Amino acid sequence: MRSESEVPFADVPFTIPVADRMKRLPPYLFGKINKLKYQKRVAGIDVIDLGMGNPTDAPDPLIQQKLAEALADPKNHRYSVSNGIGNLRKEVSKRYFKKYGVHLNPDNEVIATIGSKEGFSHMCLALMGPGDTAIIPSPTFPIHMYSVMLAAGNCIALDVRDPYEFLRNVAYTCEHLVPKPKLVIVNFPHNPSSTTIQQDFFVELVALAKKYNFLVISDFAYADICFEGYQAPSFLATPGAINVGVEFTTMSKGYSMAGWRIGFCCGNAEMVRALATIKGYYDYGIFQAIQIAAIVAMRHCDAAVESLAAEYEIRRNVLCEGLSRLGWNIQKPKAGMFVWAPIPEPWAQMGSIDFAMKLLDEAGVAVSPGRGFGEDGEGYLRLAIVENSNRLRQAVREIGRCTRVEAAKAS
Ligand SMILES: Cc1ncc(COP(=O)(O)O)c(C=O)c1O
């Protein structure tokens, strides 16, 4: 072998010329926090991780059993179809009818996606291009913004914490922006703020979509996790919605199948076809055994979904009541997997990133700083109720311990 000095151009520096679209992605805000979390774990220190909406519970045993069975069948190991197998799409359509009274044609109004995030991103790629603008929710679940940016579109972020103010701002933007927004993205129950709506929100949104000629994508990831009798409305249950948009759902949250990567896009046939076309180039579909297990999940596991939602409600109460006792100003969310907490005094000035670092470092509790969801998220923390009630009680105790001394000094 030749030595390094004998290799031609060995000392010429070489940089990888990534595409311009990569430059539209911001520096990673959670880098410092993730590094500290990793260091603690490596040092064997227990971290209570409320950072991500990543369920810690396993899917119902029936779903696991069906996956094991399907795994044993050699024909399930081939490439599947990119749109999802027919029986899966039929099951999704049945579930929409059962839950929301919505009729969907499984042949052209339903498509399976590799988790809803994949489908969402590729839908943006199919719809958006240079010069196109999307209105997105603020604070922002990052993929809602960066799917549009990676597709070379522009974003206008509008605060969704007052949903009716959001609608007024959508109308105002459509009146004044030239060219008008092409797409409005909504996500209720909202990540990260847990804001919820009633069906009348969608009635008004569909009317605006028709008036101003924009498309709608509803991200309905937290459809199944609702508390105290609240039922999150489906966009597609609104008269006329199917003419203007689609809705994404997922098995990640309500069925605890996050790692399985299975979700759905339903609604407007032309939008579904556009996504199918892109996916036809990019992927060969979801592992078929997972699709088969997902059919069983939707057919037989309603009770498991309900009891999981009840479990999240208990965790929500434990965390919210615990933080309230510490003097935090907490509102219990009506749905979703997150508590969106204003940073209490005297730490509010510290900024959400530094306060989240402090909680990780001194209390061993990982949370997401609101700043990670855009400027409107500053001043807040997002705590995911993914750990069990005992761990959440422990998290509250540790947060109390690490903040008590300074709170006493400040008062
Ligand atoms: C609002 C929202 N949409 C989509 C997703 C992604 O879900 P999936 O696992 O189906 O890709 C998440 C996950 O955290 C989410 O919070």
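Just so it is clear, the structure is predicted and the values come from calculations on it, not from any experiment.

A.B. asks: With reference to specific residues and values, describe a nonpolar patch on the surface.
C.D. replies: On the surface, a nonpolar cluster with roughly 590 Å² of combined accessible area is contributed by Phe14, Ile16, Val18, Met22, Leu25 and Leu150. Tracing the backbone through its elements, the reader meets phenylalanine 14 in the segment before helix 1 (31-42).

A.B. asks: So what about the packing of aromatic side chains? Which residues, and what values?
C.D. replies: Per the stated rule, a full pass over the model turns up 14 aromatic pairs. Pairing tryptophan 340 with phenylalanine 373 gives two aromatic rings, centres 6.1 Å apart and planes at 75°, and the pair type is edge-to-face. Taken together, the residues span a long stretch of sequence, with tryptophan 340 in strand 9 (residues 338-342) and phenylalanine 373 in the loop between strand 11 (368-369) and strand 12 (380-384) at a distance of 33 residues. Take tryptophan 340 and phenylalanine 373: they sit in the same class, and that class is buried. Three or more aromatic residues joined by ring pairs form one cluster here, namely Tyr164, Phe166, Phe188, Phe201, Phe202 and Phe235. A cation sits over an aromatic face here: arginine 315 above tyrosine 312, 5.1 Å from the ring centre.

A.B. asks: Could you give an account of the sheet that holds strand 11, with specific residues and numbers?
C.D. replies: Whenever strands of a sheet pair, they do so through backbone hydrogen bonds, lying parallel or antiparallel. Taken together, 3 strands build an open sheet; the order of strands is 9-12-11 and the sheet is antiparallel. This sheet does not close on itself; its edge strands, each paired only once, are strand 9 and strand 11. Bridge count for strand 11 against strand 12 is 2 bridges, and the pairing is antiparallel. Paired with proline 369 across the strands is leucine 381, a residue of strand 12. With respect to the sheet, helix 12 (residues 352-363) is in contact with strand 11 and strand 12, its orientation differing from that of strand 12 by roughly 45°.

A.B. asks: Summarise the side chain of threonine 238; cite the residues concerned and give the values.
C.D. replies: Positionally, threonine 238 belongs in the loop between strand 6 (215-219) and helix 8 (241-244). Given a relative accessible area of 4%, threonine 238 falls into the buried group. If we ignore the near neighbours within four places in the chain, the residues touching threonine 238 are Gln199, Phe202, Val203 and Val206.

A.B. asks: Which residues make up the pattern of salt bridges, and what values do they have?
C.D. replies: Throughout the structure, instances matching the rule amount to 26 salt bridges. Note that arginine 95 and aspartate 224 form a salt bridge whose closest N and O atoms lie 2.8 Å from each other. Residue arginine 95 is found in helix 3 (residues 86-100), and its partner aspartate 224 is found in the loop between strand 6 and helix 8; the two are separated by 129 residues along the sequence. Given a relative accessible area of 17%, arginine 95 falls into the buried group.

A.B. asks: Go over unusual backbone geometry with me, naming the residues and quoting the values.
C.D. replies: A cis amide bond, omega -10°, links valine 178 with the succeeding residue proline 179. Residues asparagine 191 and proline 192 are joined by a peptide bond in cis, for which omega reads 20°. On the secondary structure map, proline 192 appears in the loop between strand 5 (183-186) and helix 7 (199-212). Even without glycine at this site, serine 194 takes up a positive phi of about 65°.

A.B. asks: Break down the side chain of threonine 195 for me, with residues and values.
C.D. replies: Secondary-structure assignment places threonine 195 in the loop between strand 5 and helix 7. Residue threonine 195 is classed as buried on the basis of its relative accessible area of 11%. Within the structure, the side chain of threonine 195 is placed 2.6 Å from the side chain of serine 193, a separation counted as a polar contact.

What counts and how
Chains are numbered independently. Their residues run from 1 in the order of the written sequence. Local features in this predicted model are restricted to residues whose pLDDT is 70 or higher, and side-chain atom pairs enter the listing and the counts only when it is 80 or higher, whereas totals over whole chains, interfaces and linings include all residues. Values reported for side chains reflect all heavy atoms of the structure, with hydrogen atoms and water molecules removed beforehand. Put simply, a patch holds well-exposed residues, over 30% relative accessible area, that have no salt bridge, with like charges counted together within 9 Å and Val, Leu, Ile, Met, Phe, Trp or Tyr side chains within 5 Å. Per-residue accessibility takes into account occlusion by the displayed protein chains alone, with areas from the Shrake-Rupley method and a 1.4 Å probe. Should a side-chain nitrogen of Lys or Arg be within 4 Å of a carboxyl oxygen of Asp or Glu, the pair is scored as a salt bridge. The helix count covers DSSP runs of H or I at least four residues long, the strand count covers runs of E at least two residues long, and both are numbered beginning at the N terminus. Ring pairs are drawn from Phe, Tyr and Trp, using the six-membered ring of Trp, whenever the two centres fall within 6.5 Å, and their geometry is named by plane angle: stacked under 30 degrees, edge-to-face over 60, tilted for the rest. Each residue is assigned to one of three classes by its accessible area relative to the maximum for its type, calculated with a 1.4 Å probe on protein chains only: buried under 20%, partly exposed between the two thresholds, exposed over 50%. Here, a charge over a ring means that NZ of Lys or CZ of Arg falls within 6 Å of the ring centre while also lying within 35 degrees of the ring normal. When DSSP finds two or more bridges between two strands, those strands count as paired. Any pair of residues with heavy atoms lying within 4.5 Å of one another is described as a contacting pair. Between N-to-C directions, angles span 0 to 180 degrees; the directions come from axes that are lines fitted to C-alpha atoms, helices contributing only their stretch in contact. By the criterion applied in these results, polar contacts are pairs of N or O atoms within 3.5 Å in which, for protein atoms, one can donate a hydrogen and the other can accept it, and in which residues neighboring in sequence qualify only through two side-chain atoms.

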